[in-house]
Every structure is written in C-alpha cells, then in structure tokens.
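# Descriptive analysis of the structure
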Amino acid sequence: MFVLLRTDLFVFLRTIYYLKKQKTNRLNSNKKRIWCFGQQNTDKKVDKKRKKKIEDRIMEEKNKANEEQIARIAKAISNPTRVSILNFLAQQTTCYFGKIYEELPIAKATVSQHLKELKNAGLIQGEIEGPKVKYCINKENWEKAGTLFSDFFKQTIAKNNGCCD
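Residues numbered from 1 in each chain as written. Predicted model: local features only at pLDDT ≥ 70, side-chain atom pairs only at ≥ 80, totals over all residues. Heavy atoms only, no water.

## Notes on the packing of aromatic side chains
A ring pair, where both rings are aromatic, is described by two values, the distance of the centres and the angle of the planes. Quick reminder of the rule: Two rings from Phe, Tyr or Trp (for Trp, the six-membered ring) form a pair when their centres are within 6.5 Å of each other. A pair whose planes differ by under 30 degrees is stacked, one over 60 is edge-to-face, and the rest are tilted. Only runs of H or I of at least four residues qualify as helices and only runs of E of at least two qualify as strands under DSSP, and these elements are numbered from the N terminus.
Evaluation of the coordinates by the stated rule reveals two aromatic pairs. Consider the rings of Phe149 and Phe153, whose centres lie 6.5 Å apart with planes at 20 degrees: the pair is stacked. In this pair, Phe149 and Phe153 both sit in helix α6 (residues 139-153), four residues apart, roughly one turn of the helix. Each ring, one from Phe152 and one from Phe153, has its centre 5.1 Å from the other, and the planes form 75 degrees; the classification is edge-to-face. Grouping aromatic residues by their ring pairs yields a cluster made of Phe149, Phe152 and Phe153.

## What about the side chain of Asn138?
Note the cut-off: Any two residues whose heavy atoms approach within 4.5 Å are treated as being in contact.
Tracing the sequence through the fold places Asn138 in the loop between β3 (132-137) and α6. Residues in contact with Asn138, not counting those within four places in the same chain, are Gly122, Leu123, Ile124 and Gln125.

## Focus on the pairing of strand β2 (residues 124-129)
Note the threshold: A pair of strands is considered paired only if DSSP assigns at least 2 bridges between the two.
Here six bridges tie β2 to β3, and the two strands are oriented antiparallel to one another. Along β3, the bridge assignment pairs Ile128 with Val133. Following β2, the chain reverses through two residues before pairing antiparallel with β3; Gly130 in that reversal takes a positive phi of roughly 65 degrees.

## A closer look at the pattern of salt bridges
Threshold: Salt bridge criterion: a side-chain nitrogen from Lys or Arg within 4 Å of a carboxyl oxygen from Asp or Glu. Each residue gets one of three labels from its accessible area relative to the maximum for its type: buried under 20%, exposed over 50%, partly exposed in between, using a 1.4 Å probe on protein chains only.
Considering all chains together, one arrives at four salt bridges under this definition. Note that Lys52 and Asp56 form a salt bridge whose closest N and O atoms lie 3.5 Å from each other. One end of the pair is Lys52 and the other is Asp56, both in helix α2 (residues 29-76) and four residues apart, which spans about a single turn. Under the relative-accessibility criterion, Lys52 is labelled partly exposed at 47%. Here the salt bridges share partners, and the residues they tie into one network are Glu127, Glu129 and Lys134.

## Focus: the confidence of the model for the chain
We count it as follows: The predictor attaches a confidence to each residue, called pLDDT, with possible values from 0 through 100.
Residue-level pLDDT values for the chain average 76, and 67% of them are 70 or greater. The least confident element of the chain, judged by mean pLDDT, is helix α1 (residues 2-24) at 61; the most confident is α6 at 90. Across residues 1-5 the pLDDT falls below 50, and counting only partners more than four positions away or on other chains, this stretch makes two contacts in the model. Residue range residues 29-35 is modelled with pLDDT below 50. Its contacts to residues more than four positions away, or to other chains, number six contacts.

So, in structure tokens, the structure goes:
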C-alpha cells in the first residue's frame, strides 16, 4: 500500500512541476503541453492497470475468505450428531438446551461441545435466559452458507480426456 501512495505522490509532484515549468517558460509551451498531455494519457493507462490489479487482489482475498468459511462450515457439519442438532433446531422457532439433550441420546457435555462448534461456525446462535440457554438457527448465516455451498457445487468441472471416464 505504501508503494501505491508513493507512486501517486510522485505523479502528483511531477504534474505540479511541469505545470509550473509551463507557466515560466512560454517559448516551447506547445511542445510541453503535448508532452504533458501524452504523459497524462500514459498515466491513465497505468492507473487502469493499477486499478485492475487492486480489483484482482480484492477478488482473490474475497475468494480466499469464502473458501475458509466453506471449510469452517463443512467442518462444523461433518459430524452426524451436529447434523441431527441442526435438523432439530431447523424445525423449532426457539429451543432450550434441555430439549436438545432429551432428543439426542448422548451426554450433556457432548451436546454442549457440539453446540459450541456449531455456534463458532455461525450456524446457530444462543441467548441466555435465566438458568437456561436458548439456541436457534442463525438465519442470516444459514442462508449465506447455503449460497456459498450452492455456488461451490455449481462450478463447472473441466473434462479431462482419459481420466475417470
């Protein structure tokens, strides 16, 4: 980022220098103006290239973030018990911890650990109400996860000749 700012500052200072030089030296002003305009055109080309590189870098970072999010969600739903918890919560508007424990034939500590993993992935949310914790599906993240996975699986697959036909 420092390099971009330094380059922009250099272009700015160079432009001021040539503008001042044009004011003081009127003998070859036409030639200098032509040169200056030609330099501005190349600066515009450089700016377009720089803008394209920045946009490409932003897209790469966004894709990387999406890949990390897909991996985090996939890890969270990789356990059949967590899938069962998600199915149960998807059918409820709100759910208390006791109801989840009654549905699944596993220890409270294990249910708590699975709920923690699902919460860290952002698929569920929990609120403390009195002595109990209320869990429900995080609808915004649920829809985002659906979009991420559908986009991931909609990708076209390159056909390899002779491989896995």
